[in-house]
Amino acid sequence: MTDDVRNIVLAVLAVALGAALGWLVRSYLWKRRLRRKQAFFGLPANSESLLVVNRDAGGPELTVTRHDVFALLELSALIKDCNASAQIVAHDAAQQGFGERTEFCVGGPASNRRMTAHLASLLPGVRVNVDAEPGPDRGAFQIGSERYRLEPGRSEYVILARLTAGQRGDVRPVFLFCGQRAITNQAATRYLARNHERLTRKHSGSSFVLLLKVVNSQAYGPDVVELVADVTKAAQAPLPTAALETTTAATRSTHRAKS
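What counts as what
Residues numbered from 1 in each chain as written. Predicted model: local features only at pLDDT ≥ 70, side-chain atom pairs only at ≥ 80, totals over all residues. Heavy atoms only, no water. Helix = DSSP H or I, 4+ residues; strand = E, 2+ residues; numbered from the N terminus. Contact = heavy atoms within 4.5 Å. Areas by Shrake-Rupley, 256 points an atom, 1.4 Å probe, with all protein chains shown as cover. Pairing = 2+ DSSP bridges. Axes fitted to C-alpha atoms, helices over the stretch in contact; angles between N-to-C directions. Patch = residues over 30% accessible without salt bridge, like charges linked within 9 Å, V, L, I, M, F, W, Y side chains within 5 Å. Salt bridge = Lys/Arg side-chain N within 4 Å of Asp/Glu carboxyl O. Buried < 20%, exposed > 50% of the residue type's maximum accessible area, 1.4 Å probe, protein only.

Take the overall build of the protein next. Within the protein, the secondary structure is distributed over seven helices and ten strands. For the protein, the proportion of contacts with a sequence separation of at least 24, taken over those separated by at least 6, is 66%. Surface accessibility of the protein: about 14100 Å² in total, with carbon and sulfur atoms responsible for 54%.

Here's what the structure looks like:
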């Protein structure tokens, strides 16, 4: 074998070895990223999850709005990426506990009974004004001592939460997308899809409650979203007495006005 042939063979072997090592590294990184994603969403391969859908607040029938359908599509893509499956359940038919399967609950308490139950048991520091009559506090969030009012099409809020009950490692999380309007639910699911890696690093798989603001949705749709605050402590603590009295007084005033 001449020196030229030997050099060619060695070069080919070096290229092949480099390609193999590169493929192994990429495969390792991809699998590690997938494991982190599966752990964050509580979706190991071949597991099942629940998509709890609400109804249109305008009627008693199970009518999912266009933006909530888009939200479900965003979540379905995440679930598929984790090699898991999803079962769609109506909000008033999901009569089961949580922790056995990952749950994605979409919609505010005005249209989702399951969300009402989750807020009461998991986020006692949150109140949502579900009064159907027009008024400045209609749809407003009360989180701790702070109130966040709805300005349709201009400034709208949504709560994005990842919650676990108990400390067992096998407990599956519950994800809440509780928005003041349907478009904010879609904005929250899109925010989660885009930022789940950063949220994984920041919260290390623990519970969190984020308040997001959807800016000028009438022009930008669900794409322009700002993180207002991490409200985990305020949302999980009982509502302060002063804030609770203010909320109760506002509700009574609204009822008197309707009478």
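More follows now that the structure is in view.
Take the sheet that holds strand S3 (residues 102-106) next. Strand order across the open sheet formed by seven strands is S2-S1-S3-S8-S7-S9-S10, with mixed pairing between neighbours. A strand with exactly one partner marks an edge of an open sheet, and here the two such strands are strand S2 (85-90) and strand S10 (225-230). Along the sheet, successive strands turn relative to each other by an average axial angle of 20 degrees, direction set aside. Two strands pair when backbone bridges link them, and strand S1 (residues 48-53) and S2 are joined in this way by six bridges, in the parallel orientation. Looking at S2, one finds that valine 52 is bridged to valine 89.

A surface patch of nonpolar side chains, amounting to about 300 Å² of accessible area, comprises Leu17, Leu21 and Leu24. Relative to the helices and strands, leucine 17 is located in helix H1 (residues 3-41). Overall, leucine 17 belongs to the exposed group, its relative accessible area being 53%.

All right, on to the environment of alanine 188 then. Relative to the helices and strands, alanine 188 resides in helix H4 (residues 182-203). Judged by relative accessible area, alanine 188 falls into the buried class, the value being 0%. With 26 residues separating them in the primary sequence, alanine 188 and valine 214 have C-alpha atoms 8.8 Å apart. Aside from chain neighbours lying at most four places away, what touches alanine 188 is Val158, Leu160, Phe177 and Leu212.

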